[in-house]
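Each chain, letter by letter, is given below.
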Amino acid sequence: MRKKNGPAPPSANEPLSENNAINEARWFWPLMVLAYVAIGFVYSNTPDFAYTDWDDTEYISKNEQLGALNADQVVTEVKRYVMGNYHPVTMLSYAAEIALGGKDPGLMHITNVLLHLLNTLLIGLFIRRLTGRALLAGLTALLWSVHPLRVESVAWLSARKDLLMLLFGLCMFISYLRWLDGKRWQWLVAAHLAFVLACASKAMAVAFVPCLLLIDQLKGRPLIAWRPWLEKGGFAVLAIVFGILAIDAQQSVKTIGNVELDGLQRVWVGGANLIVYIAQQLVPAGLNARYPYPLKAGHLPEWYPWAAVLAMGLLFLLVRALRKPNLLVFALGFMILNLLLVLQWLPVGQAIRADRYTYAAGIGWSLALAIGLEYLVRWAPRYKTAAWATALVVLSAACAWIAHERTEVWRTAVSVRSDMIANDPRYFVYYMDRAVSFENAGDHDAALKDFDKAVKLRPANDYKPYFERGMFRLRRGAYREAMPDLITTFQQVPGHPGLVPSMIYIQWKLGLCHEVEPNATQALRLDPRSPDLLNLRGICRLQNGQPDSAWADAKRSIAVAPRKPETLVLAAAALSALHYEESACVALRIAGDKPIPDTTLDSLRTVLSDRCPSITKSREQRQP
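Positions within a chain are numbered from 1, following the residues in the order the chain's sequence is written. In keeping with the model being predicted, local features are shown solely for residues with a pLDDT of at least 70 and side-chain atom pairs are shown and tallied solely at 80 or more, while totals for entire chains, interfaces and linings include all residues. Hydrogens and water molecules were not included; the side-chain quantities draw on all heavy atoms of the structure.

Q: So what about the overall build of the chain? Which residues, and what values?
A: Secondary structure summary: the chain contains 30 helices and 2 strands in total. Seen through its C-alpha atoms, the chain measures out along the principal axes to roughly 105 × 55 × 50 Å. For the exposure calls, accessible area comes from a 1.4 Å probe over protein chains only, and a residue counts as buried if that area is under 20% of its type's maximum, exposed if over 50%, partly exposed in between. When the 624 residues of the chain are sorted by exposure, 52% land in the buried category. Only heavy atoms enter the contact rule, under which two residues are in contact if any of them lie within 4.5 Å. Across the chain, contacts joining residues at least 24 apart in sequence account for 72% of those joining residues at least 6 apart. Throughout, the Shrake-Rupley method with a 1.4 Å probe supplies accessible areas, and for residues the shown protein chains are the sole cover considered. Roughly 29,000 Å² of accessible area belongs to the chain as shown, and the carbon and sulfur atoms make up 62% of that amount. The chain carries 65 positive and 52 negative side-chain charges, and their two centres are separated by 9 Å. Under the scheme used here, helices are H or I runs from DSSP no shorter than 4 residues and strands are E runs no shorter than 2 residues, and both carry numbers assigned from the N terminus. All tallies of charge rest on Lys and Arg as positive and Asp and Glu as negative; His and the ends of each chain are not included. One atom stands in for each charge, and that atom is NZ of Lys, CZ of Arg, CG of Asp or CD of Glu.

What follows is the structure in structure tokens.
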């Protein structure tokens, strides 16, 4: 029944009259301003954030191949994979920032926020052009922009690819709609170019192609006709090319299929993930930087099959609903299509879900919620408009506050690892990771506590916590405490990379050169080209008054690692002991001032350099 004081509620696809459209248009820009104010509040602290040691170091801060933007850098990024991904546009965005201000995390965080602001505007314009409903478009952009699930993509520098993928994806959708409106081929070309840039930002953009069919259906184009499918040919070819590149990139670092689940378990995981994503869009609780597979003795939780059955039922109903154009069906279909590739039906990575995977998919869910809100606003009597506006502001403020609190997770490497631990406090790997973060931050006591916790929580057959704790103690100079951990590792995995040289190094530091000689000699039978083993044996031989033998080891080491500073210092020391002072100085000049972690060798380099006038003079000139 129609209310006396208000109009009848509209259907999801009801076209607006000219007067209604004009009245609704006034809401668009105020809602966009509200969204921008909320975004400014949510991410106001991110310019102060540092790099995390979760991908940021490999992508940016310690990536020696990443330099300032120029022609050579463009060629480099187009030709390479980075951490199992092919996304040259994303990497070049970092290069552009480096050209402007170096590897400054603050500048890069500001860029992320600016990209999010731009995406918010583009979402509003996209929905407005798609539906002709300004109020709906503004509501969708606002609800999407402040949702806490967006935080990971904006506050984490390594998630820049999500921002750029959606930026170009929205340009693709808007261009495609412009082409549908006037059939001008320039807009279709622009849509293809935008799609290439989206895929070159993140390969997950291939999901945008079936979204074009959803747009066709919503616009009343029959999908049983050949033309809508033929028009997608170029997009399909590009999607296949970038899909192949993405699979090859993932396989290059072995992140596909590295979690052992049988076929039925994969079905349960994918279906349950869909339900969880929907639930977290509605109630953003239990968010985390990393969601590991919840396997216990190889089994998933009991609720997974039931959730998967529910998901299959929802998918069935959605497919049936696709027969008739409907904006709500479009919204839910858009969400699901942008999640299909990351529901883990296709096994990728060790994480079962990720907040960043909803960055594009969240548009669909936000549109669905906006449809409900618009329905209520247009149905309500005029005198209740202020009440609905107030309710919307309160809802937006609540989401913004939760999102703002969530950004603090990404402030430092330690805060990211602590967030992971809060989600799964019994997973020993998280404590090892946070221990490394504490060590990098200079908090060695906290690092040791986390290593101890990891040892305590480890599975009975896992040696890694012992190895990592032993190496930490070695780096701290606690050699006697480090050796038992490394011995425990040796008993389980004697061939672990770097283990034997580290144990022999400890023997040298403890003054046990009489043990270094036979142990290094035996280890060299298995690994005759190890410069570390050769250098350790050479140092002990030099200390035992055998410069000829030390020089022989140095020559063998130089043949393997001619620029290694430790090798060159050993060579200089042996040559000096043999009274070849000029040759010793040449070796030191080649070594230069490259850092040597061991203080003994570094001090030896200083002593030897003082005997070489040219080196001493050069060092004095470099001092302020």
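Picking up after the structure, the text goes on.
Q: Go over the nonpolar core with me, naming the residues and quoting the values.
A: Phe 126, Leu 166, Phe 173, Phe 208, Ile 215, Phe 330 and Trp 410 are the most contacted members of the largest nonpolar core, which has 124 residues in total. Phe 208 has contacts with Met 165, Leu 166, Gly 169, Met 172, Phe 173, Phe 195, Ala 198, Asn 338 and Ala 360, leaving out every residue within four places of it along the chain. We call a set of buried Ala, Val, Leu, Ile, Met, Phe, Trp, Tyr and Cys residues a nonpolar core when their side-chain atoms join them within 4.5 Å. Counting 30 residues, the second largest nonpolar core, distinct from the first, contains Ile 539, Cys 540, Ala 571 and Leu 601.

Q: Run through the environment of Cys 171, naming residues and quoting values.
A: By secondary structure assignment, the location of Cys 171 is in helix H8 (residues 160–182). The exposure class assigned to Cys 171 is partly exposed, which follows from its relative accessible area of 28%. The spatial distance from the C-alpha of Cys 171 to the C-alpha of Ala 198 is 9.2 Å, given a sequence separation of 27 residues. What Cys 171 contacts, discounting residues up to four positions off in sequence, is Leu 122 and Ala 194.

Q: Break down the side chain of Arg 266 for me, citing the residues and quoting the values.
A: Within the fold, Arg 266 resides in helix H13 (residues 263–282). Separated by 2.8 Å, the side chains of Arg 266 and Tyr 293 make a polar contact. Polar contacts, as counted here, are pairs of nitrogen or oxygen atoms within 3.5 Å of one another; within protein the pair requires one atom able to donate a hydrogen and one able to accept it, and residues that are adjacent in sequence qualify only if both atoms are side-chain atoms.

Q: Please provide a residue-by-residue account of the pattern of salt bridges, values included.
A: For salt bridges, the criterion is a side-chain nitrogen of Lys or Arg within 4 Å of an Asp or Glu carboxyl oxygen. Under the criterion given, the structure shown has 24 salt bridges. Linking Asp 485 and Arg 469 is a salt bridge whose minimum nitrogen-to-oxygen distance equals 2.9 Å. On the criterion of sequence distance, the pair formed by Asp 485 in helix H22 (residues 479–492) and Arg 469 in helix H21 (residues 464–475) is long-range, its members being 16 residues apart. Each member of the pair, Asp 485 as well as Arg 469, carries the same accessibility label: buried.

Q: Give a detailed account of the packing of aromatic side chains, specifying residues and quantitative values.
A: Pairing of aromatic side chains here covers Phe, Tyr and the six-membered ring of Trp, requires ring centres within 6.5 Å, and sorts the geometry by plane angle: under 30 degrees stacked, over 60 edge-to-face, intermediate tilted. One pass over the full model with this rule turns up 19 aromatic pairs. Here the aromatic rings of Trp 54 and Trp 410 are separated by 6.2 Å at their centres, their planes lie at 10 degrees, and the arrangement is stacked. Of this pair, Trp 54 sits in the loop between helix H1 (18–42) and helix H2 (56–61) while Trp 410 is found in the loop between helix H17 (385–407) and helix H18 (413–423), placing the two residues 356 residues apart along the sequence. Residue Trp 54 is classed as buried on the basis of its relative accessible area of 14%. With a relative accessible area of 1%, Trp 410 lands in the buried category. Taken together, the ring pairs connect Phe 126, Phe 173, Phe 208, Phe 330 and Phe 334 into an aromatic cluster.

Q: Quick rundown of a nonpolar patch on the surface? Include the residues and the values.
A: A patch consists of residues whose relative accessible area exceeds 30% and which take part in no salt bridge; residues with like charges are grouped when within 9 Å of each other, and nonpolar side chains (Val, Leu, Ile, Met, Phe, Trp, Tyr) when within 5 Å. Together, Leu 310, Leu 314, Phe 316 and Leu 317 make up an exposed nonpolar region whose accessible area comes to about 400 Å². Along the polypeptide, Phe 316 turns up in helix H14 (residues 303–321). Relative accessible area serves as the criterion here: at 53%, Phe 316 is assigned to the exposed category.

Q: Provide a residue-level description of the packing of helix H25 (residues 531–543) against helix H26 (residues 547–560), including the pertinent values.
A: Note on method: axes are straight lines fitted to C-alpha atoms, helices fitted across the in-contact stretch only, with angles between N-to-C directions ranging 0 to 180 degrees. With their axes 8 Å apart at the nearest point, H25 and H26 run at an angle of 165 degrees to one another. The angle between the axes of H25 and H26 places the two elements in the roughly antiparallel class. Crossing angle aside, the handedness with which H25 passes H26 is left-handed. Along its contact with H25, which presents Pro 531, Leu 534, Asn 535, Arg 537, Gly 538, Arg 541 and Leu 542, the element H26 presents Pro 547, Ser 549, Ala 550, Asp 553, Arg 556, Ser 557 and Val 560. Residue polarity follows a fixed list, in which Ala, Val, Leu, Ile, Met, Phe, Trp, Tyr, Cys and Pro are nonpolar, Asp, Glu, Lys and Arg are charged, and the others, Gly among them, are polar. Its residues assigned to classes, the contact of H25 with H26 comprises 6 nonpolar, 4 polar and 4 charged. Working definition: roughly parallel below 35 degrees, roughly antiparallel above 145 degrees, roughly perpendicular at 65 to 115 degrees, and oblique for all remaining angles. By convention, the crossing between two helices is left-handed when the near helix turns anticlockwise from the far helix through less than a right angle, and right-handed when the turn is clockwise.

Q: Now, about unusual backbone geometry: what can you tell me, with residues and values included?
A: The backbone of Met 83 shows a phi angle near 50 degrees, a positive value even though the residue is not glycine. Residue classification places Met 83 among the partly exposed positions, given a relative accessible area of 33%. The residue His 579 is not glycine, and still its phi comes out positive at about 70 degrees. Mapped onto the fold, His 579 is located in the loop between helix H27 (565–577) and helix H28 (581–591).

Q: Describe the state of the cysteines, with residues and values.
A: Each disulfide is one covalent bond, formed between the sulfur atoms of two cysteines. In what follows, a disulfide is any cysteine sulfur pair within 2.5 Å. Within this structure, the stated rule accounts for 2 disulfides. Bridging Cys 513 to Cys 540, the disulfide has an S-S length of 2.1 Å. Judged by the sign of its S-S torsion, about -80 degrees, the bond between Cys 513 and Cys 540 is left-handed. In this pair, Cys 513 is assigned in helix H24 (residues 513–526) and Cys 540 in helix H25, connecting sequence segments 27 residues apart. In this pair, the class of Cys 513 matches that of Cys 540, namely buried. Taken N- to C-terminal, the disulfide-bonded cysteines of the chain are connected 1-2, 3-4. Here Cys 171 stays unpaired: no disulfide links it, and the sulfur of Cys 199, its closest cysteine neighbor, is 14 Å away. In this structure Cys 199 is not part of a disulfide, and its nearest cysteine sulfur, from Cys 211, lies 12 Å away. Given a relative accessible area of 0%, Cys 199 falls into the buried group.

Q: Report on the packing of H8 against helix H9 (residues 185–199), specifying residues and quantitative values.
A: Where H8 contacts H9, the axes come no closer than 8 Å and their chain directions differ by 165 degrees. Considered as vectors, H8 and H9 are oriented roughly antiparallel to each other. Where H8 crosses over H9, the handedness of that crossing is left-handed. Where H8 abuts H9, its residues Met 165, Phe 168, Gly 169, Cys 171, Met 172, Ser 175, Tyr 176, Arg 178 and Trp 179 lie against Trp 185, Trp 187, Leu 188, Ala 190, Ala 191, Ala 194, Phe 195, Leu 197 and Ala 198. Here the residues of the contact of H8 with H9 sort into 15 nonpolar, 2 polar and 1 charged.

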